[in-house]
Amino acid sequence: MAYLRKNMAIDLGTTSVLCFTRSQGVVLNEPSVVAFDSFSNEIVAVGAEAKRMLGKTPGNIIARRPLKDGVIADYPSTAKMLDYFIHKAMGRSLLSPDVVICVPSEATQVQKRAVVQAAKAAGVHSVYLIEEALAAAIGSGVDISEPGGHMIVDIGGGTTDIAVISLGGIVVSRSIRVAGNAFDQAILRYIRDHYNLIIGDSSAEELKIQLGSGASDGMEETMEVKGRSLDDGLPKSIYISSTEMAEALRPSLMTIVDAVHDLLSNTPPELAADLYDRGILLTGGGSLIKGLDRLLHDRISIDIHHPDHALTAVVRGTGSSLNWLKKWNPSDELFSESTRQQIIQREELRRR
Ligand code: ADP
Ligand code: MG
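Caption draft 1: Molecular detail of the side chain of D274. Mapped onto the secondary structure, D274 falls in helix α8 (residues 269-278). Here D274 occupies a buried position and makes no salt bridge, while the nearest side chain of opposite charge, R278, is found at 4.6 Å. Excluding anything up to four places from it in sequence, D274 contacts G148 and G149.

Caption draft 2: Layout of the sheet that holds strand β16 (residues 235-241). What the three strands build is an open sheet, ordered β14-β15-β16; its pairing is antiparallel. The sheet is open, and its two edges are formed by β14 (197-198) and β16, each paired on a single side. The pairing of strand β15 (residues 222-229) with β16 spans seven bridges and is antiparallel. Following the sheet pairing, V225 is matched in β16 by I238. Where helix α5 (residues 180-195) meets the sheet, it contacts β14, β15 and β16, and its direction lies at approximately 110 degrees from that of β16.

Caption draft 3: Highlighting the site of ligand 1. Taken together, 17 residues form the shell around ligand 1, and within it T15, G157, E205, K208 and G285 come nearest. One of the backbone N or O atoms of S16 is found 3.1 Å from an oxygen atom in ligand 1. E205 is positioned such that a nitrogen or oxygen atom in its side chain is 2.5 Å from an oxygen atom of ligand 1. For the shell around ligand 1, the elements supplying multiple residues, two or more each, are α5 and α6 (201-211). In terms of residue count, the dominant contributor to the shell around ligand 1 is α6 (three residues). Broken down by class, the residue content of the shell around ligand 1 amounts to four nonpolar, eleven polar and two charged.

Caption draft 4: Molecular detail of the packing of aromatic side chains. The full count for this structure, using the stated rule, is one aromatic pair. Ring centres 5.8 Å apart and planes at 65 degrees place the aromatic pair Y84 and F85 in the edge-to-face group.

Caption draft 5: Spatial organisation of the pairing of strand β1 (residues 7-12). Buried residues dominate β1, accounting for six of its six residues. Of the two faces of β1, the one lined by N7, A9 and D11 and the one lined by M8, I10 and L12 are each fully buried. Pairing between β1 and strand β9 (residues 98-103): five bridges, direction parallel. Within β9, the position partnered with D11 by the bridge is C102. Both β1 and strand β2 (residues 16-21) contribute to a ladder of four bridges, which runs antiparallel. Along β2, the bridge assignment pairs A9 with F20. As consecutive antiparallel partners, β1 and β2 are separated by three residues.

The rules we used
- Residues numbered from 1 in each chain as written.
- Chains lettered and ligands numbered in written order.
- Predicted model: local features only at pLDDT ≥ 70, side-chain atom pairs only at ≥ 80, totals over all residues.
- Heavy atoms only, no water.
- Helix = DSSP H or I, 4+ residues; strand = E, 2+ residues; numbered from the N terminus.
- Buried < 20%, exposed > 50% of the residue type's maximum accessible area, 1.4 Å probe, protein only.
- Lys, Arg positive; Asp, Glu negative; His and termini not counted.
- Salt bridge = Lys/Arg side-chain N within 4 Å of Asp/Glu carboxyl O.
- Contact = heavy atoms within 4.5 Å.
- Pairing = 2+ DSSP bridges.
- Axes fitted to C-alpha atoms, helices over the stretch in contact; angles between N-to-C directions.
- Near = heavy atom within 4 Å.
- Polar contact = N/O pair within 3.5 Å; in protein donor to acceptor, adjacent residues only side chain to side chain.
- Nonpolar A, V, L, I, M, F, W, Y, C, P; charged D, E, K, R; others polar.
- Phe/Tyr/Trp six-rings, centres within 6.5 Å; stacked < 30°, edge-to-face > 60°.

Here is the structure:
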């Protein structure tokens with residue numbers, strides 16, 4: 001009977017939720033936003049439809065993001081959002097599915113438990129967790145059972161998570177609250193300070209995606225942006241250049257570069273030597289900023305690699321761990337401990 005049960009991998013991100021099945025690949029990729037009617041407390045929209053309502057809703061409709069900095073901030077909304085996405089991704093089925101969900105390496109036991117409970121409340125049969133850095137590595141094609149070290153830098157919406165992994169486990173890690181959203185805010189502040197113009201969050205994000213860069217590559221581009229002038233309160237449009245965007249983003253990007261540098265200096269020397277040979281892997285939406293790899297390379301002199309699918313590497317890796325699903329002890333909800341043991345045993349057998 002158990003084999004009839006469907007299973008699915010979920011990347012429950014601050015910005016977006018992705019669902020993956022082995023047979024179909026990425027089956028859902030939607031913003032993690034929920035819109036409510038504040039009178040009846042009923043959900044009016046979830047995902048892409050709810051995102052369109054952010055900042056534009058009439059008085060009684062509230063649109064918000066139930067996750068903050070990679071962890072659940074609003075538990076009931078997260079449970080409802082998961083319920084909606086899981087059923088949208090797999091359709092109604094007689095048997096409730098098993099799911100594996102990735103969590104930030106730095107999440108506390110309480111935060112991990114909240115993810116398990118939200119999934120159970122969404123009607124899931126068994127929930128398994130995997131650490132995001134491991135998932136990102138697997139999804140980028142790294143063999144995590146190897147004893148050598150790898151560094152993963154995942155730049156999402158709320159946080160940048162940096163981790164060094166070896167033998168299927170996390171050796172050192174660090175999370176900072178500077179990532180995609182902080183880039184948007186830096187752009188917003190830059191335009192307010194230099195042009196006395198207030199622009200919306202989505203305009204700032206668009207500028208970042210179109211013009212943002214870590215270092216100028218000599219190709220100057222410009223883009224029109226509209227907002228409200230602080231001088232007279234009226235709508236106004238201006239042209240912004242890529243050089244200005246590089247200037248606006250530089251402090252945030254340097255904070256990330258410094259954090260990577262710090263973690264490298266806290267990495268055991270044997271593993272650090274591996275990192276010099278293998279380079280660093282950049283994943284997450286925020287890693288798509290042009291020239292960020294060059295900025296990092298200039299500071300730490302290590303090669304930087306981008307997987308083919310920076311935005312879906314984590315969910316793909318989470319999906320690959322579905323292969324181990326049957327081997328896990330159902331009472332052991334955290335992937336890494338049991339899997340780490342298995343990987344080490346396998347590695348020992350191989351060496352004999
Ligand atoms: P999370 O794991 O937090 O859900 P993601 O890995 O999906 O986050 O990344 C979301 C962030 O990536 C957002 O801040 C978004 O603006 C940013 N982003 C997405 N595409 C690009 C791009 N091409 N260039 C720069 N930033 C991007
Ligand atoms: Mg993510």
